[in-house]
Amino acid sequence: MNAARKKAAEAMEKVDLVIEVLDGRLPQASCNPMIEQLRVFRQRPCLKILNKSDLADPAVTQAWIAYYNSQKNVHAVALSCKKPSDVAKIPGLCLTLAPHRGTPLKPLRMMIMGIPNVGKSTLMNALLKRRVAAVGDEPAVTKVQQRLYLGNNMVLIDTPGMLWPKIAHPSDGLMLAASHAIGTNALIEEEVATFLADELLIRYAPLLAARYGIKTDGIDGVSVIEGVAVRRGFRLKGGDLDLEKAAHTLLQDYRTGALGRISLETPQTRAALLARHQEEIARRQAEAEAEAEAENDRQDDSR
């Protein structure tokens, strides 16, 4: 990741525009803060693509579009990189963000960025109308930077997916894991599925009831997984519930859209999360200052 960041920083010096691909179901959780820092430092405009919008809650997606479009040098669009008609809109949107480029003498240089498994390679292939990047439902398929030409007037630079060294909010890590941006070797599926079920109970309980035929009143995420195992007949030898298989089923149904159109965060829930985080930082700082003051008092008394 450090090597990828260094190469991205070097390449960004020579581009006009950043295309950042996000997971439309969790736009901010899938937004790499390192990408934002690099982009802002270089003062590059950004087209934020909320990919997989066909899997996300449409009302929540519109709220995110408004949120991003209120930011300086940012334009957001919701689409599915698997739909050619959606992808066809992107070059025109890029030109509106960098109107001084896009000629044979001054081609528009665009850098595609994003975390693993958000659809960057799918977007590249759709834009160029040929397979130039490996695609797979696994994180970190793209390994190296690629420089490719979109006609005579546009240059695309594809970069490996970059995660940042430390995820500040545990819920972000769980959302990323649920959405398959973190590989299966780095997570415990039952833990992730329990988190997902708890989130779905808050805002999408009817979808759980419709998909699995379970009653959602007064239950928690663990009970949801148990209910899935019962309803689907997932049992181990000896008759115990196969909770691992049930957890995997819930995650797959969310990832593929079989559960319905779901968004795991909204601008409002994000703001609340950040507010709680700042309160926690302030509390810890106050405790540290109080402890330091108490230690000074003890040292003064000892003298």
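Residues numbered from 1 in each chain as written. Predicted model: local features only at pLDDT ≥ 70, side-chain atom pairs only at ≥ 80, totals over all residues. Heavy atoms only, no water.

Asker: Could you clarify how one ought to interpret the domain arrangement of the protein in this entry?
Answerer: Looking at the assigned domains, one finds that the protein contains domain 1 (1-158) and domain 2 (188-256). The C-alpha centroid of domain 2 is placed 34 Å from the C-alpha centroid of domain 1. Domain 1 puts 5 residues into the contact, and the matching count from domain 2 is 5 residues. Broken down residue by residue, the surface that domain 1 buries against domain 2 is led by Arg25, Leu55 and Asp57, which jointly contribute 79%. Across the domain 1-domain 2 interface, the total number found is 0 salt bridges. Between domain 1 and domain 2 we count 1 residue pair in polar contact (both at pLDDT 80 or more) in total. Along the lines of polarity and charge, the residues of the side of domain 1 that touches domain 2 split into 3 nonpolar, no polar and 2 charged. (Domains from an automatic or database assignment. Contact = heavy atoms within 4.5 Å. Buried area = accessible area lost by both parts, 1.4 Å probe. Salt bridge = Lys/Arg side-chain N within 4 Å of Asp/Glu carboxyl O. Polar contact = N/O pair within 3.5 Å; in protein donor to acceptor, adjacent residues only side chain to side chain. Nonpolar A, V, L, I, M, F, W, Y, C, P; charged D, E, K, R; others polar.)

Asker: Looking at this structure, how should I read the packing of helix α7 (residues 170-178) against helix α8 (residues 189-203)?
Answerer: The relative placement of two packed helices is expressed as an angle between their axes plus a distance between the axes. Contact geometry of α7 with α8 gives a least axis separation of 9 Å together with a crossing angle of 105°. In terms of axis orientation, α7 runs roughly perpendicular to α8. Between α7 and α8, the residues in contact are Ser171, Leu174, Met175, Ala177 and Ala178 and Glu191, Val192 and Phe195, respectively. (Axes fitted to C-alpha atoms, helices over the stretch in contact; angles between N-to-C directions. Helix = DSSP H or I, 4+ residues; strand = E, 2+ residues; numbered from the N terminus. Parallel < 35°, antiparallel > 145°, perpendicular 65-115°, else oblique.)

Asker: What exactly am I supposed to notice about the nonpolar core here?
Answerer: With 84 residues, the main nonpolar core has Ile19, Ile90, Met110, Leu123 and Leu250 as its most contacted residues. With 7 residues, α8 is the largest single contributor of residues to this core. No fewer than three residues from each of domain 1 (1-158) and domain 2 (188-256) sit in this core. Ignoring any residue separated from it by four or fewer positions in sequence, one finds Ile19 in contact with Leu47, Ile49, Ile90, Cys94, Met110, Met111, Ile112, Met113 and Leu123. (Core = buried A, V, L, I, M, F, W, Y, C linked by side-chain atoms within 4.5 Å. Buried < 20%, exposed > 50% of the residue type's maximum accessible area, 1.4 Å probe, protein only.)

Asker: I would appreciate a short explanation of unusual backbone geometry in the present structure.
Answerer: For residues besides glycine, phi is generally negative; the peptide bonds are generally trans as well. With a phi angle near 55°, Gln43 is a residue other than glycine that sits in the positive phi range. Relative to the helices and strands, Gln43 resides in the loop between α2 (33-42) and β2 (46-51). Even without being a glycine, Lys129 presents a positive backbone phi close to 60°.

Asker: Hey, could you run me through helix α10 (residues 221-232) in this one?
Answerer: An α-helical turn contains 3.6 residues, so any two residues separated by three or four positions project in the same direction. The terminal C-alpha atoms of α10, which comprises 12 residues, lie 17 Å apart, in line with the 16 Å expected from a rise of 1.5 Å per residue. Tucked into the core, α10 has its buried residues touching α8, α9 (205-212) and α11 (243-256). At the C-terminal side of α10, Gly233 shows a positive phi close to 70°. (Expected span 1.5 Å × (residues − 1).)

Asker: When you look at the sheet that holds β2 in this model, what are you seeing that I'm missing?
Answerer: Backbone hydrogen bonds are what pair the strands of a sheet, in a parallel or an antiparallel way. Read from one edge of the open sheet, 6 strands run β3-β2-β1-β4-β6-β5, paired in mixed fashion. Only two strands of the sheet have a single partner each, and these edge strands are β3 (74-78) and β5 (146-150). This sheet shows a mean twist of 25° between the axes of neighbouring strands, independent of strand direction. The sheet contact formed by strand β1 (residues 17-23) and strand β4 (residues 108-113) spans 4 bridges and is parallel. Residue Val18 lies in a different strand from β4, and its bridge partner there is Met111. Docked against the sheet, helix α6 (residues 120-128) engages β1, β2, β4, β5 and β6 (154-158), running at close to 155° with respect to β6. (Pairing = 2+ DSSP bridges.)

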